[in-house]
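Spelled out from the first residue to the last, the chains are:
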Protein chains: 2
Amino acid sequence: MSDLPPIPVTGPLIVEETCPPRRIHALLSTKWTSMVLYCLSFGALRTGQLQRSMPGISQKMLTQTLRELERDGLVARTVFQVMPPMVEYSLTPLGWRFVEPLRALYGWADDNCDALDELMDNRQRAG
Amino acid sequence: MSDLPPIPVTGPLIVEETCPPRRIHALLSTKWTSMVLYCLSFGALRTGQLQRSMPGISQKMLTQTLRELERDGLVARTVFQVMPPMVEYSLTPLGWRFVEPLRALYGWADDNCDALDELMDNRQRAG
DNA sequence: CGGGATCCTTCAGGATACTG
DNA sequence: CAGTATCCTGAAGGATCCCG
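This section reports on the structure supplied with the text.

1. Notes on the packing of aromatic side chains
Residue and element names in this part refer to chain A. In the structure shown here, the tally under the stated rule is six aromatic pairs over all chains. An aromatic cluster of at least three residues, connected via ring pairs, comprises Tyr 38, Phe 42 and Tyr 106. The residue whose ring lies beneath Arg 103 is Phe 42, and the NZ or CZ to ring-centre distance is 5.0 Å.

2. Considerations on the relation of the copies chain A and chain B
Note on the copies: chain A fits chain B at an RMSD of 0.0 Å, the axial shift is 0.0 Å, and the rotation between them is 180 degrees. Within this description, the copies of the chain are treated as partners about a two-fold rotation axis. Rotation axis and chain A: the residue whose C-alpha lies nearest the axis is Ser 29 of chain A, separated from it by 2.1 Å.

3. Brief notes about the protein's contact with DNA strand C
Around DNA strand C, 18 residues are found, and the nearest of them are Gln 59, Arg 77 and Tyr 89 of chain A together with Lys 31 and Lys 60 of chain B. When the atoms of DNA strand C within 4 Å of the protein are sorted by group, sugar and phosphate make up 59%. With respect to DNA strand C, the side chain of Tyr 89 of chain A contributes an N or O atom lying 3.0 Å from a phosphate oxygen. A distance of 2.7 Å is found between a phosphate oxygen of DNA strand C and a side-chain nitrogen or oxygen belonging to Lys 31 of chain B. Of all elements in the fold, only helix H3 (47-53), helix H4 (59-71) and strand S3 (86-91) of chain A together with helix H4 (59-71) of chain B reach the threshold of two or more residues within the surface near DNA strand C.

4. Description of the layout of surface pockets
Taken as a whole, the largest pocket holds about 250 Å³ of empty space. Looking at the largest pocket, it is lined by 14 residues, and the ones nearest its centre are Leu 119 and Arg 123 of chain A together with Ala 26, Leu 27 and Asp 72 of chain B. For the lining of the largest pocket, the secondary structure elements donating two or more residues are helix H6 (113-126) of chain A together with helix H1 (20-28) and H4 of chain B. Class assignment of the residues belonging to the lining of the largest pocket gives a composition of six nonpolar, three polar and five charged. Within this model, the second largest pocket holds a volume of roughly 210 Å³. In terms of lining residues, the second largest pocket is bounded by 14 residues, among which Ala 26, Leu 27 and Asp 72 of chain A together with Leu 119 and Arg 123 of chain B are the most central. Every element with two or more residues in the lining of the second largest pocket is listed here: helix H1 (20-28) and H4 of chain A together with helix H6 (113-126) of chain B. Looking at side-chain class alone, the lining of the second largest pocket contains six nonpolar, three polar and five charged residues.

5. Considerations on the sheet that holds S3 of chain A
All names here are of chain A. Taken in spatial order, the three strands of this open sheet run S1-S3-S2, and their pairing is antiparallel. Of all strands in the sheet, those with a lone pairing partner are strand S1 (45-46) and strand S2 (75-80), marking the two edges. Inspection of the sheet shows S2 paired to S3 by six bridges, in the antiparallel sense. Among the inter-strand pairings, Val 75 is bridged to a residue of S3, identified as Leu 91. Of the strands in this sheet, S2 and S3 are in contact with H4, which crosses S2 at around 115 degrees.

6. A closer look at the interface of chain A and chain B
Taken together, the contacts link 64 residues of chain A with 63 residues of chain B. Regarding the contact of chain A and chain B, the summed buried area is about 5900 Å², with carbon and sulfur atoms giving 66% of it. Linking chain A to chain B there are six salt bridges. Looking at the side of chain A that touches chain B element by element, the count peaks at 13 residues for helix H5 (residues 93-111) of chain A.

Thresholds, definitions, all that
One numbering rule holds for all chains: residues counted from 1, following each sequence as written. For naming, the first written chain is A and the first written ligand is 1, with later ones following in the order written. Totals for whole chains, interfaces and linings use all residues, but because this is a predicted model, local features are given only for residues with pLDDT of at least 70 and pairs of side-chain atoms are given and counted only at 80 or more. Hydrogens and water molecules were not included; the side-chain quantities draw on all heavy atoms of the structure. Aromatic pairs are defined between Phe, Tyr and Trp rings, using the six-membered ring for Trp, whenever the two ring centres lie within 6.5 Å; interplanar angles under 30 degrees are classed as stacked, those over 60 as edge-to-face, and all others as tilted. Comment: the charge-over-ring label is applied if NZ (Lys) or CZ (Arg) is within 6 Å of the ring centre and within 35 degrees of the ring normal. Residues reaching a pLDDT of at least 70 in both copies supply the C-alpha atoms on which the copies are superposed by least squares. We call a residue near a given molecule or strand whenever any one of its heavy atoms falls within 4 Å of it. Side-chain atoms alone can form a polar contact between residues adjacent in sequence; in general such a contact is a pair of N or O atoms within 3.5 Å, and within protein one must be able to donate a hydrogen while the other accepts it. Secondary structure elements follow DSSP: runs of H or I of four or more residues count as helices, runs of E of two or more count as strands, with numbering from the N terminus. Here the term cavity refers to a set of points on a 1 Å grid, laid over the protein atoms alone, in which a 1.4 Å probe fits but cannot get out; the term pocket refers to an open set having protein on both sides within 12 Å along at least five of seven lines, with lining residues being those that place an atom within 4 Å of a point. Grid points are joined across faces, edges and corners, and a volume is the space filled by probe spheres set on the points. Only Asp, Glu, Lys and Arg are considered charged, only Ala, Val, Leu, Ile, Met, Phe, Trp, Tyr, Cys and Pro nonpolar, and every remaining residue, Gly among them, polar. By the convention used here, strands pair only if DSSP detects at least 2 bridges between them. We call two residues contacting when some pair of their heavy atoms lies within 4.5 Å. What counts as an axis is a line fitted to C-alpha atoms, over the stretch in contact for a helix, and the angles between N-to-C directions run from 0 to 180 degrees. The term buried area refers to how much accessible surface (probe radius 1.4 Å) is lost by two components on association, counted for both of them together. One speaks of a salt bridge when a side-chain nitrogen belonging to Lys or Arg is within 4 Å of a carboxyl oxygen belonging to Asp or Glu.

Below is the structure:
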């Protein structure tokens, strides 16, 4: 909760299409990616558990998100050869690296509900 | 870059629809909102400057995003009665509060390009 | 239980043209 | 320069059904 004074810049700041901020935003702006990573940061989870952890996610979007995270090397998929089927998802070392900024962001949100409330109040009042 | 060991939980973690993490995600998941806030955190900017700061943004989306941020009370709009028109956008005190987690996130991205690169490499290899 | 395949809806967001 | 108004489409994402 520091003061964060404006940083004086000599020239205008340019946020290029491929700069790190834009890239991390592209990754996290999809609806469920960050939530899945966040949930898995509390421990490996089975598909059903994961779905129940995120009320509102459809079965299709859950699988799709997991497939993408798997492809990106952030999540590992472990299949247990039993009946009925049992699959477990966990973070890879690379995946763990992305947890740090996520926890920071969501931790901030938890600690600053009042800011979020204020925002919603303003939105209400405006229509 | 700490270790971030998994946090043991007694019951399953549930990320409710209205919990702070989901709310901050909803705000930042729109395409330009976070970038506008980020840019304005380096100083007040005029419309044209702002547009040039974010290559790729259309004039329509810029205005739309600014209107929403204004409505939410995160951005202030100052009109100077001159010809040609001159309008300046800046962060409100509430807006400044959201800059902290944003700078943290984007700062992390800047410091961890290699993680982002690794992710993209994995994605390429997978097709 | 996990998940593939389809179909369908929505709407974010881009392109364009016009006003003051 | 700043902003509004249309038009339009691509793609995200939800519902559903079926399979091992």
